[in-house]
Amino acid sequence: MSTNATTSTQTSDERMTDPNWWRQAAVYQIYPRSFYDSNGDGLGDIRGITEKVPYLQSLGIDAVWLSPFYPSALADGGYDVDDYRNVDPKLGTLADFDEMASALHSAGIKLIADIVPNHSSNRHEWFQEALASPKGSAARARYIFRDGKGPDGSQPPSDWESVFGGSAWQQVEDGQWYLHLFAPEQPDFNWDNREVRDDFLKTLRFWSDRGVDGFRVDVAHALTKDLSEPLASKDELGIEGQLLDGSHPFWDRDEVHGVFAEWRDVFNEYTPPRTAVAEAWVHASRRARYASPSGLGQAFNFDLLQADFDADQFRDIITKNLEEADASGASSTWVFSNHDVVRHATRYGLPKGGGAKGLGQDGKAWLMTNGTEPKLDVELGLRRARAATLLMLALPGSAYIYQGEELGLHEVADIADEDRQDPTFFRNAGVEKGRDGCRVPLPWSTEGGSFGFGSGTAHLPQPAWFARYAVAAQEQDEQSTLNLYRQALELRHQRQSAEELQWIDEGNPEVLHFVRPGGWHSVTNFGSTPVDLPAGTVLVTSAPLEDGKLGADSTAWIA
Ligand code: GLC
């Protein structure tokens, strides 16, 4: 395993120029429209992030990843991009962006931008040009247009379904159809087109020149496609074999790595090289290619995020992913929550196997809530979430934290239909509740119309119980989840060393105990009976010890 990862002995300046800064970084994901609203229009904005740099610094994170902040009609929370080289005027200006980047950098925090290469929005100037241009034109060749089926072409070219539900094809005025793997407002680019490729290289340089340190690559596994006729029917798609050998027409084709090799050349034009992490919902055996140093360099593993709170599952996943990281040359990535999934405090409070489970054929349908109202144990969920996070923050590799999880926020389940924004909700006749519940604006103070999110009305309504979780409330409380994250992140910096861990067998299958070089122990009790802790100094615990023992569903770090 690599031993040259960022370590505790580095100064913040050294970390900022270290080409390996990302290997064990704690990355905080900001969903900009719901983070902090500086101008009272109900939407979070870029200046709001700049104003909260002291908060980010006090958390002790190494980098922020911003979900899309580009001009967008928000048909899919900003993942429908109108213009890749600009800031949404509702969120600010390029000058605001530059100011934010320099404020973050001065605070020793790196900046990762989300890039959305699989599709643009239907308002993108290229798509508008495609609509205004005839069949077979160069403008249409930047996207994926096809004639329809049937004598008059009135049937879509195939029966494929979009990830958000409904057909993956949309008809345009002259009768042709275009492909959209996600919402109809998100037409897929044609990555066989040189112009498309070059334009993205330009975008990568545009943001890198403005101080962006890395990129999170949206749906990295879908870019290149083989749409030669005849198109397979949906029943013939998604079978395990195709996902294992790269022969699926649009998920995880081998050619996609040619695209990322070109991106790597651009990343390496910079000092330190720009970094990237792939969002690629692929078979575990094929993940390493995205994480290769000649490709994007790192890929998300969503294994812990899909697991139950269960010692065996955690042990297997950690072991496998560390082996995988070792083989690919990347460091591992750990994540429990993001803007697409039910928050982990909520998942862990649901009965095992209940709620949001079941892998879809595209590998990701599982993440949509299923509309049922399973019984949620609020306290248990949070207790387990704190234990899981403390375990994660001791693991070798980088840790991704989603805004609000440091407050122990639960999923907001009771959003009225008329307030919902997520296309999954609308495209599934309301059966899927969608992802709005984890995107509700953060509570900063215990009072006020939007709990300190801004002076206006928050764009997604916040429930009354948010007051209890507000930053201001948690700052006063030593035992709060916010203070647990702060303490753990600070200790993590002090203790971080080589990307290695050693398991210690406690003779109890419900206990996971590992030690990092330098004698940093993490012990988690997944069972229901308190257990003895190993000898040493207790650094931090996710729940108070019980007569000196580690209680159920808790983690302790020992030196
Ligand atoms: C990714 C994003 C998700 C978005 C989708 C389409 O999975 O994380 O939020 O809806 O891509 O861009």
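Scroll up for the structure.
As the structure is a computational prediction, the values presented were derived from the model and not from experiment.

Next up on the list: the overall build of the protein chain. Helices and strands together make up the secondary structure of the protein chain, namely 17 helices and 15 strands. At 23 Å, the protein chain has a C-alpha radius of gyration in line with the 24 Å of a compact globule built from 559 residues. Structurally, the protein chain occupies a C-alpha span of about 80 × 50 × 45 Å along its principal axes. Across the 559 residues that make up the protein chain, the buried fraction comes to 61%. Counting only contacts in the protein chain whose residues sit at least 6 apart along the sequence, the fraction spanning at least 24 positions is 68%. Per element, the accessible surface of the protein chain, about 20400 Å² overall, is 49% carbon and sulfur. Of the charged side chains in the protein chain, 50 are positive and 84 negative; the average position of the first set lies 1 Å away from that of the second.

Glancing now at the packing of helix α6 (residues 194-209) against helix α8 (residues 256-267). At a closest axis distance of 10 Å, the pairing of α6 and α8 adopts a crossing angle of 30°. It follows that α6 is roughly parallel to α8 by the angle criterion. As α6 runs across α8, the sense of the crossing is right-handed. Contact with α6, carried on its side by R194, R197, F200, L201, L204 and R205, involves G258, V259, E262, W263, V266 and F267 of α8 and no other residues of that element. Classifying every residue of the contact of α6 with α8 by side-chain character gives 7 nonpolar, 1 polar and 4 charged.

On to unusual backbone geometry, then. A cis amide bond links E229 to the next residue, P230, at an omega of -5°. Along the polypeptide, P230 turns up in the loop between β7 (214-217) and α7 (240-245). The omega torsion across T271 and P272 is -10°, close enough to zero to call that bond cis. Along the polypeptide, P272 turns up in the loop between α8 and β8 (275-278). The backbone of V219 shows a phi angle near 35°, a positive value even though the residue is not glycine. Residue placement: V219 occurs in the loop between β7 and α7.

What follows covers the nonpolar core. Of all hydrophobic cores here, the largest spans 116 residues; its most connected members are Y28, L56 and W263. Counting residues per element, this core draws most heavily on helix α13 (residues 378-393), at 7 residues. Look past the residues within four positions of L56 in its chain and what remains in contact with it is Y28, I30, F35, I49, I61, V64, L104 and I109. Counting residues in hydrophobic clusters, the runner-up holds 19 residues, among them V163, A168, A222 and L227.

Let's shift gears to the packing of α13 against helix α17 (residues 481-495). In the contact formed by α13 and α17, the axes pass within 10 Å of each other and the chain directions differ by 10°. In terms of their interaxial angle, α13 and α17 are classed as roughly parallel. Where α13 approaches α17, its residues L382, R386, T389, L390, M392 and L393 are matched on the opposing element by T481, L484, Y485, A488, L489 and R492. Here the contact of α13 with α17 is composed, by residue class, of 8 nonpolar, 2 polar and 2 charged.

As a further point, take the packing of aromatic side chains. Scanning the model with the defined rule gives 46 aromatic pairs in all. Both rings, one in F69 and one in Y70, keep their centres 4.4 Å apart while their planes meet at 40°; by these two values the pair is tilted. Judged on exposure class, the residue F69 and its partner Y70 are both buried. When the ring of W281 is compared with that of F302, the centres are 4.3 Å apart and the planes differ by 15°; the resulting orientation is stacked. Here W281, found in the loop between β8 and α9 (288-291), pairs with F302, found in the loop between α9 and α10 (303-306); they are 21 residues apart in sequence, far enough to count as distant. Each of the two residues, W281 as well as F302, counts as buried. Above the face of the Y36 ring, K52 is positioned so that its terminal group lies 4.4 Å from the ring centre. For R347, the ring lying beneath its charged end belongs to Y348, and the centroid distance is 5.8 Å.

Moving on: helix α5 (residues 125-132). Buried within α5 we find W126, F127 and A130. Summarising the axial view, the buried residues of α5 lie within an arc of 95°, below the 170-degree limit, and thus occupy one face. In α5, the exposed positions that point more than 90 degrees away from the buried face belong to E125 and A132. Buried residues along α5 sit against β4 (145-146), β6 (177-179) and α6.

Buried residues dominate strand β1 (residues 26-30), accounting for 5 of its 5 residues. Examined bridge by bridge, β1 and strand β10 (residues 398-402) share 4 bridges and lie parallel to one another. Bridging across to β10, Q29 finds its partner in Y402. One ladder, built from 4 bridges, connects β1 with strand β2 (residues 63-66); its direction is parallel. If you follow Q29 over to β2, its bridge partner there is W65.

About the thresholds
Chains are numbered independently. Their residues run from 1 in the order of the written sequence. Whole-chain, interface and lining totals are the exception, using all residues; otherwise, since this is a predicted model, local features are given only for residues with pLDDT of at least 70 and side-chain atom pairs are given and counted only at 80 or more. Side-chain numbers here rest on the full set of heavy atoms in the structure, without hydrogens or water. Numbering of helices and strands runs from the N terminus, with a helix taken as a DSSP run of H or I at least four residues long and a strand as a DSSP run of E at least two residues long. Radius of gyration here is computed from C-alpha atoms only, and the compact-globule reference equals 2.2 Å multiplied by the residue count raised to the power 0.38. Classification of residues uses two cut-offs on accessible area relative to the type maximum, computed with a 1.4 Å probe and protein chains only: under 20% is buried, over 50% is exposed, and between them is partly exposed. In what follows, residue pairs with any heavy atoms lying within 4.5 Å of each other are defined as contacts. Per-residue and other accessible areas follow the Shrake-Rupley method at a 1.4 Å probe size, with only the shown protein chains counted as cover for residues. Neither His nor the chain termini are counted; the positive set is Lys and Arg, and the negative set is Asp and Glu. Here the site of a charge means NZ on Lys, CZ on Arg, CG on Asp, or CD on Glu. Lines fitted to C-alpha atoms define the axes, with helix axes restricted to the stretch in contact, and inter-axis angles between N-to-C directions lie between 0 and 180 degrees. In these notes the angle categories are as follows: under 35 degrees is roughly parallel, over 145 is roughly antiparallel, 65 to 115 is roughly perpendicular, and the rest is oblique. Take the far helix as your reference; a near helix turned counterclockwise from it by less than a right angle gives a left-handed crossing, and one turned clockwise gives a right-handed crossing. Polar here means any residue outside two lists: the nonpolar Ala, Val, Leu, Ile, Met, Phe, Trp, Tyr, Cys and Pro, and the charged Asp, Glu, Lys and Arg; Gly therefore counts as polar. Nonpolar cores were defined as sets of buried Ala, Val, Leu, Ile, Met, Phe, Trp, Tyr and Cys residues, with membership established by side-chain atoms within 4.5 Å. Stacked, edge-to-face and tilted labels apply to pairs of Phe, Tyr and Trp rings (six-membered ring for Trp) whose centres lie within 6.5 Å, assigned for plane angles under 30 degrees, over 60, and everything in between, in that order. For a lysine, the NZ atom is tested; for an arginine, the CZ atom; a charge sits over a ring if that atom is within 6 Å of the ring centre and within 35 degrees of the ring normal. When we speak of the arc, we mean the arc of directions from the helix axis to the C-beta atoms. A pair of strands counts as paired when DSSP detects no fewer than two bridges linking them.

Treat this as a map of the structure, not an account of what it does.
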